[in-house]
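# A look at the structure
Listed here are the chains, written in short residue letters.
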Amino acid sequence: MSIVSILDSGAVKAAKELYGHDVESGSLPLTPTRKEFTGDYTLVVFPLTKAARKKPDAIAEELGGWMQENIEEVSGYNVIKGFLNLELGAAYWNDFLRNAVKAENYGRLSPKGKKVMVEFSSPNTNKPLHLGHIRNILLGWSCSKILDAAGYEVVRVQVVNDRGIAICKSMLAWKLFGEGETPDSSGIKGDHLVGKYYVIFESKFKEEYKSWQDSEAGKAAFAEKAKEGEPEDKFFKRYKNTYFNEHSQLGQQAKEMLLAWESGERETVDLWKKMNSWVYAGFDQTYNRLGVEFDKLYYESETYLNGKDLVEKGLKNGLFKKREDGSVIVDLTDAGLDEKVLLRSDGTSLYITQDLGTAHLRYEDYKSDKMVYVVADEQNYHFKALFETIKLMGEPYADGLHHLAYGMVDLPTGKMKSREGTVVDADDLMDEVIAEARENTKERGELESLSAEEREEIIKRIGLAALKYFIIKVTPKKRMIFDPKESVDLQGQTGPYIQNAFVRIKSVLRKAGEQDHGSFELYEELENQEKEVLLRLSKFPEIVETAAAEYDPSEVANFCYDLAKEFHRFYHDHSILNCDSDNVKKFRIDLSYLTAEVLKTGMDLLGIQMPDRM
RNA sequence: GGCCUUGUAGCUUAACGGAUAGAGCACCUGACUACGGAUCAGGAGGUUGAAGGUUCGAAUCCUUCCAAGGUCACCA
């Protein structure tokens, strides 16, 4: 039982015995005592004033007395303005450290017997991954690690959007202008090569559109369809889609390609397979470097027709309605949403149809109790509608669905826009942070004795730690501003700062040599800074639990920083190896060891690896 | 326009109804004959977007307003 729940249930019992009042567990707020006061945990007794009909101070006094008397761990207390500061004895902290340091996997919670599926990344195959994907991937990966640590069985999946008009654009441009270029012949990474042709398509299309605008047909369209007083550029911006669909040569060809693909036309399918395989090879490299992997991939080319039967079934059961034009809709007005079309009037499926099918399929495949979708918050409405529809259908997995929505990533200069070329490429970004780490490492010269290979591995860990921590420390649902300059910082609240705490400990432990963990005798005169570190350490399991419950890796990130900072302080002011008592030395070595373990585990939950030196 | 989300130091951020709003960056000042200075200590910087309300207590809950973003497709 954790100390918090011991104190909490103690307070409940005390309220009952002293005032005959039933309070719910957790209704008396219990928080770590602020630094400026003495004590370890603080109980707020205000909620008891009515039941006890006494002043807060008096209640706190009585409660404190009772708890010191009846709870073994409580060694003393003091009362300030209705806040009851409880002190835990040195014995408690000694026991805590001894147990934790001997534990197999401190911070790993016992199995929950439940399975959770996490879907993340889910890219399109027409262009390489960018900064937005990185936030998605880090969140998804980290969540999956945290859920795993919290005792869930985890399945990591991604849905690969490998079909549709976008990839056809790349294919068409390659066919028309590629002259047989391949990743091998050009030396360009596969996903970047395909992305290059996507860009070529867009610029050729733009050219074509521009000259059409100056032609008779274009002028006629403007004269006919522009709104009153609408300027030419505005009109043509708005008209772009229509032009693509109705007039464009390239658009026509791309659409024909899509149709050919859908009808399984050999040459097109072969080209599609070839180009997608380039992209996958590229993605694999990026994922690999980021240190993430998946248990199962779902390809939209295989699932995009799914879901129709589910809709038909719902229609039969009267859950959905057919409109006059033949389209099928679901009425979600009871849930505060609108009507949603589930099937086009021509009977073809939509995004949501496919998602219904995929959800069902995945449940069939894994029978997971929960399914988490890591998708940007621009799709909030879609997921609301999707989940409500699944609930209406009474699917067994309906209550376990969760949309982990995260805010989009902005640059200091504003939004990322592919059309304006301001998209930050994932591979480039990693190159940059690693280069920065290399530069810094060189200046320091700590790693010169290592082989080039070892050195590169450490440099990679440092660079990626900076990048990943910078992104993952922000609460998911907030939009974040990504400043490339700050993301390579190695000082302050950063990944490398936390790594540095770990490296310092490793260095000390190397010098200390082997030691049996938990072999220290009772150490009574704990320093404040030792207690601060112990307090952080003792909170770790609880942090894992809430981070899992809230799907929020930033809690773990902030915890790691806090722990590292507290350790740095302790380390600065107290000597571990040269302290005056052998017993204290043993204690401090264990304290350091546990800190290193927790930092390593915690950072691993964020997808960040620790170097042994740096 | 309806709905959703977000507004905290110059910048990036923490806080899940509790004490004097906590950090980092940038700026200024200090600390290595000490286990790793990618560190530590200190200074300066805040009417938590605004106004009301609920509460013993509000950045946090409620109302109104302001600002930014998202979304309201037989696109994905």
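Here the structure is a predicted model, which means the values were calculated and not measured.

## Some points on the pairing of strand β5 (residues 115-119)
Of all five residues in β5, five are buried; the element is thus mostly enclosed. Residues K115, M117 and E119 point to one face of β5 and V116 and V118 to the other, with burial holding for every one of them. As defined by bridge partners, β5 adjoins strand β6 (residues 153-160) across five bridges and the pair is classed as parallel. Its bridge partner being in β6, M117 is matched across the sheet by V155.

## Topic: the domain arrangement of chain A
Along its sequence, chain A is organised into domain 1 (3-88), domain 2 (116-410) and domain 3 (426-605). Buried surface at the junction of domain 2 and domain 3, both sides included, amounts to about 2,800 Å², of which 64% is carbon and sulfur. Applying the counting rule to domain 2 against domain 3 returns four salt bridges. Across the pair K189 and D427 runs a salt bridge, and its minimum N-O distance is 2.8 Å.

## Let's talk about unusual backbone geometry
Within the chain, K81 stands out as a residue other than glycine whose phi angle is a positive 50°. Relative to the assigned elements, K81 resides in the loop between β3 (74-80) and β4 (83-88). Judged by relative accessible area, which is 63%, K81 ranks as exposed. Residues other than glycine seldom take positive phi values, yet K367 does so here, at roughly 50°. Within the secondary structure, K367 sits in the loop between α15 (351-366) and β11 (370-376).

## Some details on the nonpolar core
Residues L7, M67, L131, F482, I498 and L594 are the most contacted members of the largest nonpolar core, which totals 166 residues. Counting residues per element, this core draws most heavily on helix α18 (residues 452-472), which supplies 11 residues. Here M67 is in contact with L7, G10, A11, L43, V74, L84 and L86, once residues within four sequence places are set aside. Membership of the second largest hydrophobic core comes to 30 residues, among which are L332, L356, M371 and L401.

## Comments concerning a positive patch on the surface
Together, K206, K227, K234, K237 and R419 make up a positively charged patch on the protein surface. Inspection of the secondary structure assignment puts R419 in the loop between β14 (414-415) and α17 (426-444).

## Points about the side chain of D410
Relative to the elements of secondary structure, D410 occurs in strand β13 (residues 409-411). The exposure class of D410 is buried, given its relative accessible area of 14%. For D410, the residues in contact, after removing those within four places along its chain, are K415, R479, M480, I481 and F482.

## Thoughts on the protein's contact with RNA strand B
Close contacts around RNA strand B come from 61 residues, with D325, R344, R444, R504 and E555 the closest. Residue E446 places a side-chain N or O atom 3.2 Å away from a base nitrogen belonging to RNA strand B. Going through the elements one at a time, β2 (41-44), β4, α17, β15 (480-481), α20 (495-512) and α22 (553-573) are the ones with two or more residues in the surface near RNA strand B. Looking at the surface near RNA strand B, its residues break down into 22 nonpolar, 17 polar and 22 charged.

## Some remarks on the pairing of strand β12 (residues 401-406)
Counting buried residues in β12 gives five out of six residues, a clear majority hidden from the surface. Note: β11 against β12, six bridges, orientation parallel. Following the sheet pairing, V372 is matched in β12 by H402. Tracing the backbone out of β11, into helix α16 (residues 380-392) and back to the parallel element β12 gives a crossover that is right-handed.

## A word on the packing of helix α5 (residues 131-149) against helix α21 (residues 528-550)
Axis separation between α5 and α21 bottoms out at 9 Å; the angle between their running directions is 125°. In terms of their interaxial angle, α5 and α21 are classed as oblique. α5 and α21 meet at a crossing whose hand is left-handed. Mapping the contact onto sequence places I146, L147 and A149 in α5 and V544, A547 and A548 in α21.

Rules behind the numbers
- Residues numbered from 1 in each chain as written.
- Chains lettered and ligands numbered in written order.
- Predicted model: local features only at pLDDT ≥ 70, side-chain atom pairs only at ≥ 80, totals over all residues.
- Heavy atoms only, no water.
- Buried < 20%, exposed > 50% of the residue type's maximum accessible area, 1.4 Å probe, protein only.
- Helix = DSSP H or I, 4+ residues; strand = E, 2+ residues; numbered from the N terminus.
- Pairing = 2+ DSSP bridges.
- Domains from an automatic or database assignment.
- Buried area = accessible area lost by both parts, 1.4 Å probe.
- Salt bridge = Lys/Arg side-chain N within 4 Å of Asp/Glu carboxyl O.
- Core = buried A, V, L, I, M, F, W, Y, C linked by side-chain atoms within 4.5 Å.
- Contact = heavy atoms within 4.5 Å.
- Patch = residues over 30% accessible without salt bridge, like charges linked within 9 Å, V, L, I, M, F, W, Y side chains within 5 Å.
- Areas by Shrake-Rupley, 256 points an atom, 1.4 Å probe, with all protein chains shown as cover.
- Lys, Arg positive; Asp, Glu negative; His and termini not counted.
- Charge placed at Lys NZ, Arg CZ, Asp CG, Glu CD.
- Near = heavy atom within 4 Å.
- Polar contact = N/O pair within 3.5 Å; in protein donor to acceptor, adjacent residues only side chain to side chain.
- Nonpolar A, V, L, I, M, F, W, Y, C, P; charged D, E, K, R; others polar.
- Right-handed = clockwise from strand over helix to strand, strands pointing away.
- Axes fitted to C-alpha atoms, helices over the stretch in contact; angles between N-to-C directions.
- Parallel < 35°, antiparallel > 145°, perpendicular 65-115°, else oblique.
- Left-handed = near helix turned anticlockwise from the far one by under 90°.

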